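What follows is each chain in one-letter form.
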Amino acid sequence: MDAYDEEPAGDPAGSPGPPPVVGVDAPAGPRTGVAALSPRYQVGAALALALVAVVVCVHLGMVFLSVAPANTVTRQHGKAIEEWVYPEFEQNWKLFAPNPLQQNIAVQVRADVLMPDGSTTTTGWNDLSVQDGRAIDGSLLPSHTVQNELRRAWDFFVTTHGADNRPIGMRGSLSEQYLRRIVVMRMYEQDATSEKGTIQRVEVRSSTTNVPPPDWSGEKVSDTPVYRVLPWWTVTSDEANGSVR
Amino acid sequence: MSRLALCLSRAIARVTESALGPYQTAVVRIGFAATWLLFLLREYPHRQELYGPDGPWSFGLAQRLTADNHAFTALLVSDGRVFFEVCYFLAVLSSALLLVGWRTRATSVLFMVGVLSLQNRSVFMGDGGDNVLHLMSVYLVFTRCGQVWSLDARRAARASTARALGEPVRDRVGPALWAVCGLVLGAAALTGRTGGGWLIPALMWATWAGAALWWAVGRWARTPQPRILLDVIADILHNGAIFVIMAEACLIYATAGWYKIQGSRWQDGTAVYYPLHLDYFSPWPALADLLSANGTMVMLVTYGTVMVQVAFPFTLFNRRVKNVLLAAMMTEHAVIAVVLGLPFFSLAMIAADSVFLPTSFLRRLGGWAARGRDRVLRREDRPLPVPRSPEADEQPRVGFGA
């Protein structure tokens with residue numbers, strides 16, 4: 001690739017420092033690369049070169065097709081592309097594209113808590129995303145635990161559930177457990193009532209609010225939040241013990 | 001026709017005779033190792049919650065997902081707390097060692113195992129920065145990333161000086177490291193706990209076997225030919241990997257740019273305003289308001305971002321334009337690090353970008369760093385390290401002075 005400012009060929013050590021001691025008995029002329037090899041060994045080098053060239057081209061082709069929009073080739077060979085790219089070369093570079101997210105999606109939770117005196121109390125709604133936002137405010141190094149954990153767990157939940165909140169496939173049930181474990185952990189950490197008792201059930205909802213458009217744009221959007229309320233989930237004893245610490 | 005043949009033979013000579021871009025490779029190595037090291041240290045208080053056996057993404061959940069997608073992670077070998085702590089420590093250690101360039105081939109494999117193990121253990125904790133690191137940690141294994149600015153380079157220089165003086169050079173650490181790695185790999189294979197998938201275990205075994213072959217050939221080969229062949233193969237692998245790293249960086253920008261072009265917000269020039277006002281990406285709301293106060297400025301930045309991202313891969317054909325865009329993108333990432341609260345994503349992107357930095361600039365940077373270090377350590381001025389030439393590798397073992 002031309003964009004490189006390579007050393008001139010044949011002078012790999014061309015540096016301002018003193019000449020390297022190592023080359024002292026190296027004869028002049030080409031001694032390295034394929035030129036230094038006898039024909040028999042050159043075959044080996046040629047094979048290696050061909051193999052690496054093929055693998056590089058195939059790999060880049062596969063990765064390109066995996067990030068490209070659906071097209072004729074991906075429709076015909078989608079399976080092969082997936083098998084090559086997943087799991088270790090998976091990638092998603094649609095960063096803030098095609099459109100940046102224009103809504104604040106907050107995950108909120110309330111719980112039925114069994115208190116030490118035997119009574120059951122329902123807590124108020126706790127806005128976990130607002131807590132995350134507060135933790136991020138003024139931070140030069142926001143932790144993945146506040147920036148990604150809940151946000152991506154909710155994304156995962158939404159993409160693996162239908163509009164009726166029923167799980168789709170194995171990942172749907174994984175995402176449900178994951179989200180429940182996060183909210184229970186967070187309730188034990190940050191909710192005063194939950195801290196005192198044992199959480200028995202939780203109800204999770206998302207509240208989606210439009211980001212107010214900039215003053216200079218003259219656009220108008222609704223500022224009332226839209227809720228998506230999930231059914232009450234019973235918390236398993238394992239989760240209720242707050243194994244997460 | 002003969003011109004084509006000449007071109008081809010020169011290209012072949014070029015990719016087989018040396019590992020290209022020693023400074024670029026070194027800076028990529030240092031960049032990613034530093035990113036991961038800083039990330040691990042920053043998340044040290046949260047390590048259990050992110051990747052531990054009792055975190056919200058529990059051991060059982062991770063087992064069920066990796067059984068389905070065959071992602072590699074050493075962390076599902078055991079759900080013990082101690083095992084996890086040891087793994088986390090090894091991940092920290094391997095990134096520190098890769099940073100200083102100690103036994104780079106072995107540590108780059110360890111680094112990759114650390115990155116993949118933690119990230120694949122809790123895949124939903126990551127973001128774009130983790131994704132870049134994930135890919136690059138695999139590609140780095142194929143590179144000769146310790147040619148300059150590394151303890152490896154220093155060791156090679158010392159060894160060749162010693163040989164020039166006729167002193168024997170013995171390496172005990174290398175074989176010991178190889179033996180330990182072999183024991184761990186063997187134990188993992190025998191107990192069937194290879195970590196999932198076939199690619200990463202195969203890569204580890206191949207590197208391990210390659211190291212043995214390298215050593216054996218250096219020791220017992222009667223002619224220098226096998227030794228040179230291995231050297232040529234290592235160069236070919238390195239050059240292939242560097243090309244993939246560059247292509248990957250281009251792909252990131254191309255994808256990000258071309259998809260943005262299709263978005264209405266990027267078209268109407270308001271896109272940059274929105275991420276600045278998302279709760280999860282606005283650590284400095286007042287700063288975000290200030291930056292987005294002027295509609296024309298927001299539009300210029302919005303259009304500029306798309307143009308730079310789309311144009312970057314094409315500017316590689318012109319050194320000067322490429323350097324200008326590179327500076328622009330690194331600056332933008334530095335701004336993103338603070339304004340959107342994405343420091344590790346930005347660091348990873350800057351590390352990936354730096355594969356395109358010009359050698360002259362990197363040399364100057366190295367000179368400053370060396371002077372700074374010497375001033376701190378009150379040492380005498382020393383010459384810059386020079387890239388390990390192929391001879392430096394091959395010479396000693398065929399017996400200098402024999």
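Rules used throughout
- Residues numbered from 1 in each chain as written.
- Chains lettered and ligands numbered in written order.
- Predicted model: local features only at pLDDT ≥ 70, side-chain atom pairs only at ≥ 80, totals over all residues.
- Heavy atoms only, no water.
- Helix = DSSP H or I, 4+ residues; strand = E, 2+ residues; numbered from the N terminus.
- Rg over C-alpha atoms; globule rule 2.2 N^0.38 Å.
- Buried < 20%, exposed > 50% of the residue type's maximum accessible area, 1.4 Å probe, protein only.
- Areas by Shrake-Rupley, 256 points an atom, 1.4 Å probe, with all protein chains shown as cover.
- Lys, Arg positive; Asp, Glu negative; His and termini not counted.
- Charge placed at Lys NZ, Arg CZ, Asp CG, Glu CD.
- Axes fitted to C-alpha atoms, helices over the stretch in contact; angles between N-to-C directions.
- Left-handed = near helix turned anticlockwise from the far one by under 90°.
- Contact = heavy atoms within 4.5 Å.
- Nonpolar A, V, L, I, M, F, W, Y, C, P; charged D, E, K, R; others polar.
- Buried area = accessible area lost by both parts, 1.4 Å probe.
- Salt bridge = Lys/Arg side-chain N within 4 Å of Asp/Glu carboxyl O.
- Polar contact = N/O pair within 3.5 Å; in protein donor to acceptor, adjacent residues only side chain to side chain.
- Parallel < 35°, antiparallel > 145°, perpendicular 65-115°, else oblique.
- Domains from an automatic or database assignment.
- Expected span 1.5 Å × (residues − 1).
- Bend = angle between axes of the 7 residues up to and from the residue.
- Phe/Tyr/Trp six-rings, centres within 6.5 Å; stacked < 30°, edge-to-face > 60°.
- Pairing = 2+ DSSP bridges.

A.B. asks: Could you give an account of the overall build of chain B, naming the residues involved and the relevant values?
C.D. replies: Helix and strand counts for chain B come out as 18 helices and 0 strands. Compactness check: chain B gives a C-alpha radius of gyration of 23 Å against a globular reference of 21 Å for 402 residues, within 12% of the reference. Overall, the C-alpha framework of chain B stretches about 75 × 55 × 55 Å when taken along its three principal axes. Out of the 402 residues in chain B, the part that is buried amounts to 54%. Accessible surface, chain B: about 17700 Å² in total, of which carbon and sulfur atoms supply 67%. One way to put it: in chain B the 37 positive side-chain charges average out to a point 9 Å from where the 26 negative ones average out.

A.B. asks: Now, about the packing of helix α7 (residues 128-140) of chain B against helix α16 (residues 343-353) of chain B: what can you tell me, with residues and values included?
C.D. replies: Residue and element names in this part refer to chain B. Remark: α7 packs on α16, axes separated minimally by 7 Å, with the N-to-C direction vectors making an angle of 40°. The handedness of the crossing between α7 and α16 is left-handed. On α16, the residues touching Gly 128, Gly 129, Val 132 and Met 136 of α7 are Phe 345, Ala 348, Met 349 and Ala 352. In the contact of α7 with α16, the residues fall into 6 nonpolar, 2 polar and no charged.

A.B. asks: Can you lay out the interface of chain B and chain A for me, pointing to particular residues and giving the numbers?
C.D. replies: Of the residues lining the interface, 121 residues belong to chain B; the matching set on chain A comes to 102 residues. Both faces considered, chain B and chain A share a buried interface measuring about 10100 Å² in area, 64% of it formed by carbon and sulfur atoms. Its largest share of buried area at the contact with chain A, chain B owes to Phe 124, Tyr 259 and Tyr 280 of chain B, together 9% of the area lost on that side. The interface formed by chain B and chain A includes 2 salt bridges. Between Asp 68 of chain B and Arg 171 of chain A there is a salt bridge, and its shortest N-O distance comes to 2.9 Å. Across the chain B-chain A interface, the total number found is 36 residue pairs in polar contact (both at pLDDT 80 or more). Here the side of chain B that touches chain A takes 21 residues from helix α11 (residues 225-261) of chain B, the largest share from any one element.

A.B. asks: So, the pattern of salt bridges: which residues are in play, and what are the values?
C.D. replies: For the coordinates displayed, the defined rule picks out 15 salt bridges over all chains. Across the pair Arg 265 of chain B and Glu 219 of chain A runs a salt bridge whose closest N-O atoms are separated by 2.9 Å. Linking Arg 265 of chain B in helix α12 (residues 264-267) with Glu 219 of chain A in the loop between β4 (198-210) and β5 (226-229), this pair reaches from one chain into another. A residue is classified by how much of its surface remains accessible, and Arg 265 of chain B, at 10% relative accessible area, is buried. Taking relative accessible area as the criterion, Glu 219 of chain A reaches 30% and is therefore assigned partly exposed. Arg 81 of chain B is the partner of Asp 54 of chain B in a salt bridge, and the nearest nitrogen-oxygen pair spans 3.5 Å. Residue Asp 54 of chain B is found in the loop between α3 (47-51) and α4 (59-69), and its partner Arg 81 of chain B is found in helix α5 (residues 81-100); the two are separated by 27 residues along the sequence. Classification of Asp 54 of chain B by relative accessible area gives partly exposed; the value is 30%. A network of salt bridges, in which partner residues are shared, links Glu 219 of chain A together with Arg 265 and Asp 268 of chain B.

A.B. asks: Describe the packing of helix α15 (residues 319-339) of chain B against α16 of chain B, naming the residues involved and giving the relevant values.
C.D. replies: Residues and elements named next belong to chain B. One can describe the packing of α15 onto α16 by two numbers: an axis separation of 8 Å at closest approach and a directional angle of 165°. One element, α15, and the other, α16, form an angle in the roughly antiparallel class. At the point where α15 passes α16, the crossing takes the left-handed sense. Contacts between α15 and α16 involve Leu 326, Met 329, Met 330, His 333, Ala 334, Ile 336 and Ala 337 on the former and, on the latter, Pro 343, Phe 345, Ser 346, Met 349, Ile 350 and Asp 353. Its residues placed into classes, the contact of α15 with α16 shows 10 nonpolar, 2 polar and 1 charged.

A.B. asks: So what's going on with the domain arrangement of chain A? Residues and values would help.
C.D. replies: Assigned domains of chain A: these are domain 1 (21-85) and domain 2 (103-240). Computed from C-alpha coordinates alone, the two centres of domain 1 of chain A and domain 2 of chain A are separated by 48 Å.

A.B. asks: For helix α14 (residues 295-315) of chain B, give the residues involved together with the corresponding values.
C.D. replies: Residue and element names in this part refer to chain B. Helix length check: α14 (21 residues) gives 29 Å between terminal C-alpha atoms against 30 Å at 1.5 Å per residue, within 8%. At Gln 309, α14 is bent by approximately 30°, the largest bend along its length, and proline Pro 313 sits one to four residues beyond. Turning to α14, its buried residues are Gly 295, Val 298, Thr 302, Thr 305, Val 306, Val 308, Gln 309, Val 310, Phe 312, Pro 313 and Thr 315. Close packing links the buried residues of α14 with α11, α12, α13 (285-291) and α15. One side-chain oxygen of the residue at the start of α14 lies 2.8 Å from the amide nitrogen of Thr 296, identifying that residue as Asn 294.

A.B. asks: Account for the packing of aromatic side chains, with residues named and values stated.
C.D. replies: For the coordinates displayed, the defined rule picks out 21 aromatic pairs over all chains. Their ring planes at 85° and their centres at 6.0 Å tell us that Phe 96 of chain A and Phe 281 of chain B sit as a pair that is edge-to-face. Of this pair, Phe 96 of chain A sits in the loop between α2 (72-85) and β1 (103-114) while Phe 281 of chain B sits in the loop between α12 and α13, which puts the two residues in different chains. Summarising the aromatic geometry, the rings of Phe 156 of chain A and Trp 57 of chain B are spaced 6.3 Å apart at their centres and angled 65° between planes, so their arrangement reads as edge-to-face. Here Phe 156 of chain A, found in helix α5 (residues 149-159), pairs with Trp 57 of chain B, found in the loop between α3 and α4, and the two come from separate chains.

A.B. asks: Hey, could you go over the environment of Ile 199 of chain A for me, with residue numbers and the actual values?
C.D. replies: With respect to the helices, strands and loops of the structure, Ile 199 of chain A is situated in strand β4. C-alpha of Ile 199 of chain A to C-alpha of Leu 230 of chain A: the two residues are 31 residues apart in sequence and 17 Å apart in space.

A.B. asks: Tell me about the side chain of Asn 239 of chain B, and please be specific about residues and values.
C.D. replies: Residues and elements named next belong to chain B. With respect to the helices, strands and loops of the structure, Asn 239 is situated in helix α11. Overall, Asn 239 belongs to the buried group, its relative accessible area being 10%. Not counting chain neighbours up to four residues away, the residues in contact with Asn 239 comprise Arg 14, Val 15, Ser 18, Ala 19 and Leu 20.

A.B. asks: Account for the environment of Phe 157 of chain A, with residues named and values stated.
C.D. replies: Residues and elements named next belong to chain A. Structurally, Phe 157 is set in helix α5. A relative accessible area of 1% means that Phe 157 is categorised as buried. On a C-alpha basis, the gap between Phe 157 and Gly 138 in space is 29 Å, while along the polypeptide they are 19 residues apart. The contacts of Phe 157, once residues within four sequence positions are left out, are Ser 175, Glu 176, Leu 179, Arg 228, Leu 230 and Trp 233.

A.B. asks: Go over the pairing of β4 of chain A, please, and point to the residues and values.
C.D. replies: All names here are of chain A. Pairing analysis gives 12 bridges linking β1 to β4, with the strands arranged antiparallel. Bridge pairing in β4 places Val 107 opposite Ser 206. Relative to strand β6 (residues 233-234), β4 is paired through 2 bridges, and the arrangement is antiparallel. For Arg 201, the partnering residue across the bridge sits in β6 and is Thr 234. Of the strand pairs in this sheet, β4 and β5 are connected by 4 bridges, and their pairing is antiparallel. Bridge pairing in β5 links Ser 206 to Arg 228.

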